[in-house]
Amino acid sequence: YLRWILIEVCTHAVRGSCHLGQLYQRVKTKHGTAAARVAVARSMLIAIFHMLSTDQPYRDPRQSVSLVGV
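First, a word on scope: everything that follows refers to the structure included in this document.

## Thoughts on the packing of helix H1 (residues 2–16) against helix H3 (residues 33–54)
Between H1 and H3, whose axes approach to 8 Å, the crossing angle comes to 100°. By the criterion of interaxial angle, the relationship of H1 to H3 is roughly perpendicular. Packed against H1, whose contacting residues are Leu2, Arg3, Leu6, Ile7, Glu8, Val9, Cys10, Thr11, Ala13 and Val14, the element H3 presents Arg37, Val38, Val40, Ala41, Met44, Leu45 and Ile48 at the interface. In terms of residue class, the contact of H1 with H3 is made up of 13 nonpolar, one polar and three charged.

## Details of the environment of Ala35
Topologically, Ala35 is positioned in helix H3. For Ala35, a relative accessible area of 31% gives the class partly exposed.

## So, the layout of surface pockets
In this structure, the largest pocket occupies an estimated 160 Å³ of space. Taken together, Ala13, His19, Leu20, Ser43, Met44, Ala47, Ile48, Met51, Tyr58, Arg59 and Pro61 make up the lining of the largest pocket. The set of elements that each furnish at least two residues to the lining of the largest pocket consists of helix H2 (18–31) and H3. Counting residues per element, the lining of the largest pocket draws most heavily on H3, at five residues. For the lining of the largest pocket, the residue count by class is eight nonpolar, two polar and one charged.

## Topic: the side chain of Ser43
Within the element layout of this structure, Ser43 appears in helix H3. In this structure Ser43 touches His19, Leu20 and Leu23, once residues within four positions along its chain are discounted.

## Some thoughts on H1
Residue pairs spaced three or four apart in an α-helix point in one direction, given the helix's 3.6 residues per turn. Taking 1.5 Å per residue as the helical rise, H1 with its 15 residues ought to reach 21 Å, and the 20 Å between its terminal C-alpha atoms agrees with that figure. Considering bend angle alone, the principal kink of H1 is centred on Cys10 and spans about 40°. Looking only at H1, the buried set comprises Leu6, Ile7, Cys10, Ala13 and Val14. Where H1 is buried, its residues meet H2 and H3.

## Quick look at the nonpolar core
Counting 13 residues, the largest nonpolar core has Leu20, Tyr24, Val40 and Met44 as its most contacted members. Mapped by element, the contributors of at least two residues to this core are H1, H2 and H3. Dropping the residues within four chain positions of it, Met44 is found in contact with Leu6, Val9, Cys10, Ala13 and Leu20.

The rules behind each value
Residues numbered from 1 in each chain as written. Predicted model: local features only at pLDDT ≥ 70, side-chain atom pairs only at ≥ 80, totals over all residues. Heavy atoms only, no water. Axes fitted to C-alpha atoms, helices over the stretch in contact; angles between N-to-C directions. Helix = DSSP H or I, 4+ residues; strand = E, 2+ residues; numbered from the N terminus. Parallel < 35°, antiparallel > 145°, perpendicular 65-115°, else oblique. Contact = heavy atoms within 4.5 Å. Nonpolar A, V, L, I, M, F, W, Y, C, P; charged D, E, K, R; others polar. Buried < 20%, exposed > 50% of the residue type's maximum accessible area, 1.4 Å probe, protein only. 1 Å grid on protein atoms, 1.4 Å probe; cavity = no way out; pocket = protein on both sides within 12 Å on 5 of 7 lines; lining within 4 Å. Points joined across faces, edges and corners; volume = space filled by probe spheres on them. Expected span 1.5 Å × (residues − 1). Bend = angle between axes of the 7 residues up to and from the residue. Core = buried A, V, L, I, M, F, W, Y, C linked by side-chain atoms within 4.5 Å.

By themselves, these observations are geometric and do not establish any function.
Shown next, in the form of structure tokens:
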């Protein structure tokens, strides 16, 4: 179920995050839409793991401002 949820959410995350949007476009041109969605879902899962393990909010690597509280 977790994989399915992340794949569904990645469509919206691509629009809201500059880093995930660039990842999606880069993988989509080389490997197609399905692989791009899986790559974004994997990247989101890694970010979620680090957020939970370090108790830190999400910070988009391409932006200097945190998205928490916006």
